[in-house]
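# Architecture and fold: a report
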Amino acid sequence: MERQLSGVLFPGQGSQFVGMGADLFDHSDLLGGQTDEILGFSLRSLCLDGPEDELTRTEHAQPALFALSYALWREIEVRSTRPPSAAAGHSLGEYTALAAAGALDFHTALRIVAERGRAMAAAADLEASAMAALIGADAVLAESIAADRRSAGGRLHVANINAPGQVVVAGGMEDIDWLEANARDLGVRRAVRLKVAGAFHSPFMEPAAERVAAAVASVEVDEPRFPVYANVTAAPASGAEIPELLARQVVSPVRFSESLEAMAASGVGVFVHVGPGDVTAGMARRTVPDAEVIVVNDLDGVSQAVAAFERSAK
């Protein structure tokens, strides 16, 4: 069988659920101790006991998903003699990808992620806003709808380009109300409002971007050991570029589908989702249908990831 390059993918906010990481807490020395001190709460209690509405809060979900995804990654890394050929993360997951590649150490990245979560929650509280998935729309149609709405005085922006047929927009409450009411007339099969705190990855998050920029500027960023595809550019980022890209990411569309296509064009034929849920795996299957996709969301799946990396070409 032809050997193919491997890429690792990390999930973002929305993949959290009560009970996640149950097998990791008794196994990983990264969870608890200093991690809880940084966060100011018990990660174990929040992830295993909830309640769900607390775990789902932006300021809690983001560091929780980062910590668990990275802890699972470490289990893969210590057992593998080969690194992946590339990595990408969806929104928050970009921090996990950067930490996995050694651009940020775990606790430094955790501090930034915790600040990012607090900053995005605070920005969402400033003004009512929301997000909606456009069912049956591509990125071109979504941008056209958003641009027309802005021309009419609205504030609607493309926020996530996840996969073919999976585009998300963000805007004020009145913009999302308008979108839901007029979706069919706009050429969209349906607009589905998402259960999120605000209009992430849009200009509504400008106050959060300023806080993220300050947090990243205060730490040392190293060159990634393997390419990490940035959400903002859908291209690998150098260490010098990472601080600016992380700040811009908060207010810019997540170009995840384009990142997957670029990874595939570079030779990646095996995508390994690492972390709770399987969202990035679904995006990979839709975007690169011929690729092999592996889901690792608990310790039982670690051997699959290791095997994928071991058989990959250098």
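In this text the structure is predicted, and so the values were computed from the model without any measurement.

With that out of the way, let us pick up the pattern of salt bridges. Overall, the coordinates contain 16 salt bridges when judged by the stated rule. A salt bridge links Glu-127 to Arg-155; the shortest N-O distance between them is 2.4 Å. Taken together, the residues span a long stretch of sequence, with Glu-127 in the loop between helix H6 (106-126) and strand E3 (129-135) and Arg-155 in the loop between helix H7 (139-151) and strand E4 (156-163) at a distance of 28 residues. You can call Glu-127 partly exposed: its relative accessible area is 35%. Arg-155 gets classed as partly exposed once you look at its relative accessible area, which sits at 32%. Residues joined in a network through salt bridges with shared partners are Arg-74, Glu-77 and Arg-225.

As a further point, take the side chain of Asp-175. The residue Asp-175 is located in helix H8 (residues 173-182) in this model. Within the local environment of Asp-175, its side chain forms a polar contact with the backbone nitrogen of Arg-155, the two atoms lying 3.2 Å apart. Other than its neighbours up to four places away in sequence, Asp-175 contacts Arg-149, Gly-154, Arg-155 and Leu-156.

On to helix H10 (residues 242-249). Working note: α-helix, 3.6 residues per turn, so residues spaced by three or four point in the same direction. Where H10 is concerned, the buried positions are Ile-242, Leu-245, Leu-246, Ala-247 and Gln-249. At its buried positions, H10 is contacted by helix H5 (93-100), H6 and helix H9 (206-217).

In spatial order, the strands read E4-E5-E3-E6; together these four strands make up an open sheet with antiparallel pairing. Where the open sheet ends on each side, the last strands, each with one partner, are E4 and strand E6 (190-193). This sheet shows a mean twist of 30° between the axes of neighbouring strands, independent of strand direction. Docked against the sheet, H8 engages E3, E4, strand E5 (166-172) and E6, running at close to 135° with respect to E5.

The next point concerns the sheet that holds strand E1 (residues 5-10). Ordered by their spatial adjacency, five strands build an open sheet running E7-E2-E1-E8-E9, and the pairing between neighbours is parallel. Lying at the two open borders of the sheet, with one neighbouring strand each, are strand E7 (228-229) and strand E9 (292-296). Alignment of E1 against strand E8 (residues 268-274), held across five bridges, turns out to be parallel. Directly across from Ser-6, in E8, lies its bridge partner Val-270. Set on the sheet, H5 makes contact with E1, strand E2 (86-89) and E7; between it and E2 the angle comes to about 150°. Its contacts with the sheet put helix H12 (residues 279-287) on E1, E8 and E9, and the angle it makes with E9 is roughly 175°.

Before going further, it helps to spend a moment on the pairing of E9. Direction of pairing for E8 relative to E9: parallel, over a ladder of five bridges. Paired with Phe-271 across the strands is Val-293, a residue of E9.

Let us look at the packing of helix H4 (residues 58-77) against helix H13 (residues 302-311). Close contact between H4 and H13 brings their axes to 9 Å; oriented N to C, the two are set at 55°. Regarding the angle of H4 to H13, the classification is oblique. For the element pair H4 and H13, the recorded crossing hand is right-handed. Side by side, H4 and H13 meet where Leu-72, Trp-73, Glu-75 and Ile-76 of the first sit next to Val-302, Ala-305, Val-306 and Phe-309 of the second.

Before going further, it helps to spend a moment on the nonpolar core. Counting 78 residues, the largest nonpolar core has Phe-66, Trp-73, Ile-76 and Val-272 as the members making the most contacts within it. One finds Ala-86, Ala-88, Phe-256 and Ala-284 within the second-largest nonpolar core, a separate group that totals 18 residues.

So, on to unusual backbone geometry. Residue Pro-51 is bonded to the preceding Gly-50 through a cis peptide linkage, with omega at 5°. Within the secondary structure, Pro-51 sits in the loop between helix H2 (43-49) and helix H3 (52-56). Look at Ser-91: it is not a glycine, yet its phi comes out positive at around 55°. Relative to the helices and strands, Ser-91 is located in the loop between E2 and H5. A relative accessible area of 10% means that Ser-91 is categorised as buried.

What counts, and where the lines are drawn
Residues numbered from 1 in each chain as written. Predicted model: local features only at pLDDT ≥ 70, side-chain atom pairs only at ≥ 80, totals over all residues. Heavy atoms only, no water. Salt bridge = Lys/Arg side-chain N within 4 Å of Asp/Glu carboxyl O. Helix = DSSP H or I, 4+ residues; strand = E, 2+ residues; numbered from the N terminus. Buried < 20%, exposed > 50% of the residue type's maximum accessible area, 1.4 Å probe, protein only. Polar contact = N/O pair within 3.5 Å; in protein donor to acceptor, adjacent residues only side chain to side chain. Contact = heavy atoms within 4.5 Å. Pairing = 2+ DSSP bridges. Axes fitted to C-alpha atoms, helices over the stretch in contact; angles between N-to-C directions. Parallel < 35°, antiparallel > 145°, perpendicular 65-115°, else oblique. Left-handed = near helix turned anticlockwise from the far one by under 90°. Core = buried A, V, L, I, M, F, W, Y, C linked by side-chain atoms within 4.5 Å.

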